Amino acid sequence: MNGQVILLGLLFISLAIGAQGMCGEARAPKCRMVGGKPFCPEEFVAVCGSDGVTYQNECALCFKNNRDNSDVTIIHDGECKVPAD
């Protein structure tokens, strides 16, 4: 019985942690570095930066951070939403 309670508790915790990640937590962009600089593919997989700018892909955001010595994170996949007037 105790084993079942522990197992259910662990299941609940893992589900709660997984749900947090789906709620739009900001994350750092990941990119491949070549010669100390990001090496970016030309694919379009838009991400929305914490600065409100849509980037072509995670690597383009990583490149901007590297170039400007900034720390813009990804707030969600896809293009940034433009506020309605």
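Bear in mind the structure is a predicted one, so any value in this text is a computation, not a measurement.

Calculation notes
- Residues numbered from 1 in each chain as written.
- Predicted model: local features only at pLDDT ≥ 70, side-chain atom pairs only at ≥ 80, totals over all residues.
- Heavy atoms only, no water.
- Helix = DSSP H or I, 4+ residues; strand = E, 2+ residues; numbered from the N terminus.
- Buried < 20%, exposed > 50% of the residue type's maximum accessible area, 1.4 Å probe, protein only.
- Disulfide = S-S within 2.5 Å.
- pLDDT = per-residue confidence, 0-100.
- Contact = heavy atoms within 4.5 Å.
- Pairing = 2+ DSSP bridges.
- Core = buried A, V, L, I, M, F, W, Y, C linked by side-chain atoms within 4.5 Å.

## Regarding the overall build of the protein chain
Helix and strand counts for the protein chain come out as two helices and five strands. Relative to its full complement of 85 residues, the protein chain shows a buried share of 20%.

## Details of the state of the cysteines
The full count for this structure, using the stated rule, is three disulfides. At a sulfur-sulfur separation of 2.1 Å, the disulfide partner of Cys40 is Cys59. Disulfide Cys40-Cys59: the torsion about the S-S bond is -80°, which places it as left-handed. Placement of Cys40 in the loop between β2 (37-39) and β3 (47-49) and of Cys59 in helix α2 (residues 58-68) is noted, with a sequence separation of 19 residues between them. When its relative accessible area of 27% is taken as the criterion, Cys40 is described as partly exposed.

## A look at the confidence of the model for the protein chain
Averaged over every residue, the pLDDT of the protein chain is 79; residues scoring 70 or more account for 68%. Taking the mean pLDDT of every element in the protein chain, the minimum, 49, falls on helix α1 (residues 2-22) and the maximum, 97, on β3. Across residues 14-22 the pLDDT falls below 50, and counting only partners more than four positions away or on other chains, this stretch makes one contact in the model.

## Observations regarding the side chain of Thr73
When you line up the elements, Thr73 lands in the loop between α2 and β5 (74-77). Classification of Thr73 as buried rests on a relative accessible area of 19%.

## Describing the sheet that holds β5
One open sheet accounts for three strands, arranged β4-β3-β5; its pairing is antiparallel. Single-partner strands in this sheet number two, and they are β4 (54-55) and β5.

## Brief notes about α2
Of the residues making up α2, those classed as buried are Cys59, Leu61, Cys62, Lys64 and Asn65. The first or second residue beyond α2 is Asn69, which carries a positive phi of 50°.

## Description of the nonpolar core
Counting five residues, the largest nonpolar core consists of Val47, Tyr55, Leu61, Val72 and Ile74. With residues up to four places along the chain from it excluded, the contact list for Leu61 reads Pro29, Gly49, Tyr55, Val72, Thr73 and Ile74.

## What about unusual backbone geometry?
Only a minority of non-glycine residues have a phi that is not negative, and only a minority of peptide bonds are not trans. The backbone phi angle of Asn69 is positive, close to 50°, even though this residue is not glycine. Structurally, the position occupied by Asn69 is in the loop between α2 and β5.

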